[in-house]
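An overview of the molecular structure
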Amino acid sequence: MFAMIINETGGPEVLQYGEIATPEPGPGEVRIRVAYAGVNPADWKNRQGMLAAFRPYVFPYIIGFDAAGVVDKLGPGVSGFNVGDRVFTPTNHGQGGQGSYAQYAIANADRVAHMPSGLSFAQAAALPVAALTAWQGLFDRGELKAGQRALIHGGSGGLGGFAVQFARWAGAHVAATCSTPNVEYLRELGVERVIDYRQESIAEAVAAWAPGGLDYLMDAVGVSTLPHGLDLVRPGGTFVSIPTLTDDGDIPAAAAEGAARGVKRVFSTMTDIGCGPTLTKIGELLVAGHVKLPPLREFALREAAEAHRLIQGGHNRGKIVLKVADL
Ligand SMILES: NC(=O)c1ccc[n+]([C@@H]2O[C@H](COP(=O)([O-])OP(=O)(O)OC[C@H]3O[C@@H](n4cnc5c(N)ncnc54)[C@H](OP(=O)(O)O)[C@@H]3O)[C@@H](O)[C@H]2O)c1
């Protein structure tokens, strides 16, 4: 098969279009013929070797978590899927498997979901990592409730665009930070209080909007870009950080300080294992119109380096996808 392959970690130029053996699905796995691969910030960090603590780098190596496409082959023992099914998934890349910037990708059946009708492959490929991280940080680990006041720091990014909408769908009051060009975008997504971090003080805006302190805070940008987060959250509230690998500060010290202040302090990394049902739920919310898909920018698979330069810039609105094949 053809794929974007790296033979060393480094800058965007290490991504090379080339040929590599087509993977075979093992027990419990499905092979997907990829129509679109989704791009996440984790991909450029992975390309630079920053995930070495979590996974081996064995070259030739394929980057990419998210995929949407068609089931092409079933491994032994797989049920619930048939060859030809349209599916989306974060693949097995998070568990050490090869990535999705390729004509074929492998995923355990527990992390694959059928695409609802009404969703295109490009749209489905934009969902897994960003939407699952938002969902797990809000609900599975953050236990956000209707009526609570929630701030999403980084509302205009891939993850943030889902987080603000999921929180609103759950009945929370939602505030979110973004830069000036994205203020209108976040208003359109239903954010009640958009905080332009370039024009106003986040701490002052939060104090006025949630005088008793936030019930819930999600930091999806990095510790250096936020005022001291624990000062923004009320005792008994929840403060979720999405680990970035680049700007996480001292995590044990932050956890200890949260405990001392009576704030539930969570560091929420996406779990792909068993995520199929959540992905199905997210797909249903999209086609039912409860959640809008953030804007998509599309590149050809061969243009992955250009897509990486864009996402690495740190100010992309919405999601980026790579077109692999017309299916
Ligand atoms: N650990 C995990 O499991 C996991 C999973 C998913 C994502 N993440 C991490 O979470 C972060 C966000 O992911 P993403 O997919 O949303 O990235 P993204 O699509 O690149 O979005 C980043 C957003 O950050 C915003 N931003 C940049 N500087 C900011 C600042 N000072 N204050 C507020 N917002 C700011 C930008 O909005 P403006 O242009 O409006 O400033 C941009 O839209 C990344 O570091 C990613 O690696 C971790």
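Residues numbered from 1 in each chain as written. Predicted model: local features only at pLDDT ≥ 70, side-chain atom pairs only at ≥ 80, totals over all residues.

This brings us to the overall build of the protein. Within the protein one finds nine helices and 16 strands. The C-alpha radius of gyration of the protein comes to 19 Å, within 12% of the 20 Å expected for a compact globule of 327 residues. Buried positions account for 47% of the 327 residues belonging to the protein. Counting contacts in the protein only where the partners sit at least 6 residues apart, residues at least 24 apart contribute 70% of the total. (Helix = DSSP H or I, 4+ residues; strand = E, 2+ residues; numbered from the N terminus. Rg over C-alpha atoms; globule rule 2.2 N^0.38 Å. Buried ≥ 20, exposed ≤ 12 C-beta atoms within 10 Å, placed from the backbone. Contact = placed C-beta atoms within 7 Å.)

Right, let's talk about the nonpolar core for a bit. Ala163 and Ala176 are the most contacted members of the largest nonpolar core, which has 96 residues in total. Residues from two domains meet in this core; each of domain 1 (2-129 + 274-323) and domain 2 (142-267) gives at least three. Apart from the residues lying within four places of it in its own chain, the contact partners of alanine 163 are Ala134, Leu138, Ile152, Met218 and Ala220. (Core = buried A, V, L, I, M, F, W, Y, C linked by C-beta atoms within 7 Å. Domains from an automatic or database assignment.)

A few words now on the site of the ligand. With respect to spatial proximity, 31 residues lie near the ligand, and among them Pro41, Gly157, Gly158, Leu159 and His315 are the closest. If you list the elements that add at least two residues to the shell around the ligand, you get helix 1 (41-47), helix 3 (128-140), helix 4 (158-169) and strand 10 (173-178). In the shell around the ligand, the residues fall into 13 nonpolar, 17 polar and one charged. (Near = placed C-beta within 6 Å. Nonpolar A, V, L, I, M, F, W, Y, C, P; charged D, E, K, R; others polar.)

Here six strands make up an open sheet; going across it, the order is 11-10-9-12-13-14 and the pairing parallel. Unpaired on one side and paired on the other, strand 11 (193-196) and strand 14 (264-267) mark the two borders of the sheet. For this sheet, the mean inter-axis angle between neighbouring strands, taken without regard to orientation, is 15°. Two elements, strand 10 and strand 11, share four bridges in a ladder whose sense is parallel. The partner of alanine 175 across the bridge, within strand 11, is arginine 193. Packing against the sheet, helix 6 (residues 202-209) makes contact with strand 9 (149-153), strand 10, strand 11 and strand 12 (214-219), and its axis sits at approximately 165° to strand 11. (Pairing = 2+ DSSP bridges. Axes fitted to C-alpha atoms, helices over the stretch in contact; angles between N-to-C directions.)

Along the polypeptide, valine 321 turns up in strand 16 (residues 319-323). Separated by 136 residues in the primary sequence, valine 321 and tyrosine 185 have C-alpha atoms spaced 20 Å apart. Residue contacts for valine 321: discarding those within four places in its chain leaves Tyr36, Ala37, Gly38, Val39, Ala122, Ala125, Ala126, Leu296 and Glu298.

Often, the extent of an interface is quoted as the loss of accessible area upon association of its parts. The domain architecture assigned to the protein consists of domain 1 (2-129 + 274-323) and domain 2 (142-267). Listed as interface residues are 13 residues of domain 1 and, on the opposing side, twelve residues of domain 2.

Let's shift gears to helix 8 (residues 276-287). With twelve residues, helix 8 should cover 16 Å at 1.5 Å per step; its first-to-last C-alpha distance of 17 Å lies within 8% of that length. Looking at helix 8, one finds that the buried residues are Gly276, Leu279, Ile282, Gly283 and Leu286. Buried residues along helix 8 cover an arc of 120° about the axis, so they all sit on one side. Residues of helix 8 that are exposed and point more than 90 degrees away from the buried face comprise Pro277 and Lys281. Those residues of helix 8 that are buried lie in contact with strand 6 (86-89), strand 8 (113-114) and helix 3. At the exit of helix 8 stands glycine 289, carrying a positive phi of roughly 85°. (Expected span 1.5 Å × (residues − 1). Arc of directions from axis to C-beta.)

Once that is clear, we can look at the sheet that holds strand 4 (residues 61-62). The strand order across the open sheet formed by three strands is 2-1-4, and the pairing between neighbours is antiparallel. Two strands in the sheet have a free side with no partner beyond their single neighbour: strand 2 (16-19) and strand 4. Bridge analysis of strand 1 (residues 2-6) against strand 2 gives four bridges, and the strand direction is antiparallel. Bridge pairing links alanine 3 to glycine 18 in strand 2.

Backbone torsion omega between phenylalanine 59 and proline 60 reads -5°, so that peptide bond is classified as cis. With respect to the element layout, proline 60 can be found in the loop between helix 1 and strand 4. A positive phi angle, near 55°, is found at threonine 91, a position not held by glycine. Tracing the backbone through its elements, the reader meets threonine 91 in the loop between strand 6 and strand 7 (104-108). Phi is positive for glutamate 143, which is not a glycine, with a value near 50°.

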